[in-house]
2 protein chains.
Amino acid sequence: MTGSRSSSAQTGVTRVVCEQLAPRVGDLIHNKGLALDAVRRALADGADIVVLPELVTSGYVFETAEEARTTAITVEDPFFSDLSAVLAGSQSVVVLGFCQAADDTLYNSAAVVDASGVRAVYRKTHLWDRETLFFTPGDRTPPVVDTAHGRIGVLICYDLEFAEMPRRLALAGADLIAVPTNWPLVGHPAGQYPAEIIQAQSAARANGVFIACADRSGVERGQQWTQGTAVIDQFGWLTSAATGPTTSSAPSAPSASSASDQRAVADLFLHLSRDKAISPHNDLLGDRRPDIYAQETPLL
Amino acid sequence: MTGSRSSSAQTGVTRVVCEQLAPRVGDLIHNKGLALDAVRRALADGADIVVLPELVTSGYVFETAEEARTTAITVEDPFFSDLSAVLAGSQSVVVLGFCQAADDTLYNSAAVVDASGVRAVYRKTHLWDRETLFFTPGDRTPPVVDTAHGRIGVLICYDLEFAEMPRRLALAGADLIAVPTNWPLVGHPAGQYPAEIIQAQSAARANGVFIACADRSGVERGQQWTQGTAVIDQFGWLTSAATGPTTSSAPSAPSASSASDQRAVADLFLHLSRDKAISPHNDLLGDRRPDIYAQETPLL
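Rules and cut-offs
- Residues numbered from 1 in each chain as written.
- Chains lettered and ligands numbered in written order.
- Predicted model: local features only at pLDDT ≥ 70, side-chain atom pairs only at ≥ 80, totals over all residues.
- Heavy atoms only, no water.
- 1 Å grid on protein atoms, 1.4 Å probe; cavity = no way out; pocket = protein on both sides within 12 Å on 5 of 7 lines; lining within 4 Å.
- Points joined across faces, edges and corners; volume = space filled by probe spheres on them.
- Helix = DSSP H or I, 4+ residues; strand = E, 2+ residues; numbered from the N terminus.
- Axes fitted to C-alpha atoms, helices over the stretch in contact; angles between N-to-C directions.
- Left-handed = near helix turned anticlockwise from the far one by under 90°.
- Contact = heavy atoms within 4.5 Å.
- Nonpolar A, V, L, I, M, F, W, Y, C, P; charged D, E, K, R; others polar.
- Buried < 20%, exposed > 50% of the residue type's maximum accessible area, 1.4 Å probe, protein only.
- Lys, Arg positive; Asp, Glu negative; His and termini not counted.
- Salt bridge = Lys/Arg side-chain N within 4 Å of Asp/Glu carboxyl O.
- Polar contact = N/O pair within 3.5 Å; in protein donor to acceptor, adjacent residues only side chain to side chain.
- Core = buried A, V, L, I, M, F, W, Y, C linked by side-chain atoms within 4.5 Å.
- Least-squares fit on C-alpha atoms with pLDDT ≥ 70 in both.
- Buried area = accessible area lost by both parts, 1.4 Å probe.
- Pairing = 2+ DSSP bridges.

## Some thoughts on empty space enclosed by the protein
For step 1, the next point in the chain: Following the criterion strictly, the structure yields six cavities of 30 Å³ or more and no others.
For step 2, the next point in the chain: Quantified by volume, the largest cavity comes out at close to 90 Å³.
For step 3, the next point in the chain: Lining the largest cavity are Gly-191, Gln-192, Tyr-193, Ile-198 and Gln-201 of chain A together with Gly-191, Gln-192, Tyr-193, Ile-198 and Gln-201 of chain B.
For step 4, the next point in the chain: The set of elements that each furnish at least two residues to the lining of the largest cavity consists of α7 (195–207) of chain A together with α7 (195–207) of chain B.

And the structure:
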């Protein structure tokens, strides 16, 4: 299957744009427009792959399950056909988070969308903190979507901190893992990147895959965000970040710059992810020892 | 079992000392003395747990399998009884790497030693580069050793880059993962920690365990080392490091300081690793979804 498309991953550079946005909690109409505008802006800048934050259509800091429900949409919602219309005539792909209504329950989901429509939906399986009050966790592994630009895997926020998840996506052939996220701001030591970025760097390096994270800007009901929007290469190094490491161990105030200033843009040769050789005798995935991982660990 | 000992992990602080050493390749007698001296020095400084580098008794950059064989010892070698004698009267524990002869083959192994003798031996399962020419990979998961200071898991160098390994040790109850290592120096972006440190930080944070890495100093047959000796807390932050992040993206020259200057010392409350709660609704290990990890990932 994967050889049947003309692919920018096989022929050249792929531009990845992660837009760090500030949706308004509960304001579905505003947020749909915000997301569509961000995609239009990214396309105007030549984006092949656009990543928007987790729950970008709904906001995050819900007070009640009822409030969350008012922002929920199905995959048949006109928003997705509007988004595909924005992408018409392009081979560009968008990955974004949304509050999904399905089966009479709510999911914290992400959609992979291109001009042909919704290619895949993934429901977050590792829910963070109060999300457990509003959402049902997904029960399926995320898919890898074969696109004109390479194979895109999807994780949402806290999912990325379970190394089993990027590993599965890499084993399934992902070149890039797109991560819509809402990282609540916590302090970290001076001069270091946020812990969530370190987790992403480790996942990229350990699997030889690119990772693109779109975080939040702004403040929502008092909640500040890490503003960790970043693109990480297959060696685990940041190639683009919306904001740098803090210089203080205290949580810093949100940037005063507008949302449109906060983005990460990287031009990547995604096909490089397909070479897992890291020495004449080593292969990142081939060196795995599933026989060992399945054993019981003795306590001596 | 684990409650049957008086434990510094339950009663107070544990001092962890990682000694960054420069053994001479092939000089078994010299290196045994170097290792014993390093342990004596650490004990004099109050060490409860001492970590020495990978293959500290043999050196690393072998030219031939025959040379490696000349440095190989069994667990019955007098070195280990000498080491236990140094530890006599203390509850201190040493974790160090050695070239192991067993079953007519060579292993890149690590021993956990206390005053009672060798408590456990682990054979490295993920061999790096030319190690594959000299060593047979181990076929058993590393043990977790219950000591007076808490439960110690062991990994060796490249093992740590397979997230499955620290995960297994954490699931088996490890408080601290001791990592004898020889990290060959490679370049990395200015102002960032070496990639191997980032991997260790991620493993510590993802599992809520402490990690203590003892790397190499000096230059061996032209091979420079990362000098990444460091102790990392259960949140993934460095509490002590022998050397800081580089300020240049080029590999830097080895430090001119003597080996005895290069160490990481940290006083840790290891019992903190037993609290995996990271929010009112989250538990680092409890949040795992083995049902998801076992599924086939679809390619769409």
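Right, picking up where we left off after that structure.
## Regarding the packing of helix α6 (residues 164–171) of chain A against α7 of chain A
All names here are of chain A.
For step 1, the next point in the chain: Close contact between α6 and α7 brings their axes to 10 Å; oriented N to C, the two are set at 35 degrees. For the crossing formed where α6 meets α7, the hand is right-handed. Across the interface between the two elements, Pro-166, Arg-167 and Ala-170 of α6 pack against Ala-203, Ala-206 and Asn-207 of α7.
For step 2, the next point in the chain: Partitioning the contact of α6 with α7 into residue classes produces four nonpolar, one polar and one charged.

## Points about the side chain of Lys-276 of chain A
All names here are of chain A.
For step 1, the next point in the chain: Mapped onto the secondary structure, Lys-276 falls in the loop between β14 (263–268) and β15 (277–279).
For step 2, the next point in the chain: Put simply, Lys-276 is tucked away with no salt bridge, and the nearest opposite charge, on Asp-175, sits 6.5 Å away.
For step 3, the next point in the chain: For Lys-276, the side chain forms a polar contact with the main-chain oxygen of Gly-208, separated by 3.1 Å.

## What about the nonpolar core?
For step 1, the next point in the chain: Judged by nonpolar contacts, the single largest core of 64 residues is most densely connected at Cys-18, Phe-135, Leu-160, Ile-211 and Val-231 of chain B.
For step 2, the next point in the chain: Residue contributions to this core peak at five residues, all from strand β9 (residues 210–214) of chain B.
For step 3, the next point in the chain: Apart from residues no more than four positions distant in its own chain, Cys-18 of chain B is found in contact with Val-51, Ala-212, Cys-213, Ala-214, Thr-229, Ala-230, Val-231, Gln-262, Arg-263 and Ala-264 of chain B.
For step 4, the next point in the chain: Val-51, Tyr-193, Ala-203 and Ala-212 of chain A belong to the second-largest nonpolar core, a separate cluster that totals 51 residues.

## Points about the relation of the copies chain A and chain B
For step 1, the next point in the chain: Once chain A is rotated about the relating axis by 180 degrees and shifted along it by 0.0 Å, it coincides with chain B to within an RMSD of 0.0 Å. One copy is carried onto the other by what is essentially a two-fold rotation axis.
For step 2, the next point in the chain: Mapped onto chain B, 100% of the interface residues of chain A are again interface residues, and the two copies thus contact each other with one and the same surface.

## Quick word on the interface of chain A and chain B
For step 1, the next point in the chain: Chain A puts 66 residues into the contact, and the matching count from chain B is 66 residues.
For step 2, the next point in the chain: Contact between chain A and chain B buries roughly 5,600 Å² in total, counting both sides, with carbon and sulfur atoms accounting for 57%.
For step 3, the next point in the chain: On inspection of chain A and its partner chain B, the count reaches six salt bridges.
For step 4, the next point in the chain: Where chain A packs against chain B, one counts 47 residue pairs in polar contact (both at pLDDT 80 or more).

## Here we look at the layout of surface pockets
For step 1, the next point in the chain: For the largest pocket, the calculated volume is near 800 Å³.
For step 2, the next point in the chain: Taken together, 32 residues form the lining of the largest pocket, with Arg-205 and Ile-278 of chain A together with Trp-128, Val-186 and Glu-196 of chain B sitting closest to its centre.
For step 3, the next point in the chain: Looking at the lining of the largest pocket, the elements with two or more residues in it are β15 of chain A together with α5 (131–134) and α7 of chain B.
For step 4, the next point in the chain: Partitioning the lining of the largest pocket into residue classes produces 19 nonpolar, five polar and eight charged.

## A closer look at the pattern of salt bridges
For step 1, the next point in the chain: Evaluation of the coordinates by the stated rule reveals 38 salt bridges over all chains.
For step 2, the next point in the chain: For Arg-221 of chain A, the salt bridge goes to Glu-67 of chain A, with nearest N and O atoms at 2.7 Å. With Arg-221 of chain A in the loop between β10 (219–220) and β11 (223–224) and Glu-67 of chain A in helix α3 (residues 65–70), this pair connects stretches of sequence that are 154 residues apart.
For step 3, the next point in the chain: With relative accessibility at 41%, the residue Arg-221 of chain A sits in the partly exposed group.
For step 4, the next point in the chain: The partner of Glu-164 of chain B in a salt bridge is Arg-167 of chain A, and the shortest N-O contact between them spans 2.8 Å. A residue pair is termed interchain when its members come from two chains, as with Glu-164 of chain B in helix α6 (residues 164–171) and Arg-167 of chain A in helix α6.
For step 5, the next point in the chain: We classify Glu-164 of chain B as buried; its relative accessible area is 15%.
For step 6, the next point in the chain: Sharing partners across several salt bridges, the network here consists of Glu-19, Arg-41, Asp-45 and Arg-263 of chain A.

## Thoughts on the sheet that holds strand β3 (residues 93–102) of chain B
Residue and element names in this part refer to chain B.
For step 1, the next point in the chain: Strand order in the open sheet formed by six strands is β5-β4-β3-β2-β1-β14, with mixed pairing between adjacent strands. The sheet is open, and its two edges are formed by β5 (117–123) and β14 (263–268), each paired on a single side. For this sheet the average axis-to-axis angle between neighbouring strands, irrespective of direction, equals 25 degrees.
For step 2, the next point in the chain: Both strand β1 (residues 14–19) and strand β2 (residues 49–51) contribute to a ladder of three bridges, which runs parallel. Paired with Val-17 across the strands is Val-50, a residue of β2.
For step 3, the next point in the chain: Packed onto the sheet, helix α2 (residues 28–44) meets β1, β2, β3 and β14 and runs at close to 150 degrees relative to β1.
For step 4, the next point in the chain: The strands touched by helix α4 (residues 78–87) within the sheet are β3, β4 (105–114) and β5, with β4 carrying the most contacts at an inclination of about 15 degrees.

## Observations regarding the environment of Thr-71 of chain A
Residues and elements named next belong to chain A.
For step 1, the next point in the chain: You can see Thr-71 is positioned in the loop between α3 and α4 (78–86).
For step 2, the next point in the chain: Separated by 46 residues in the primary sequence, Thr-71 and Val-25 have C-alpha atoms spaced 8.6 Å apart.
For step 3, the next point in the chain: With near-sequence residues (within four places) excluded, Thr-71 lies in contact with Gly-26, Leu-28, Ser-58, Phe-62 and Cys-99.

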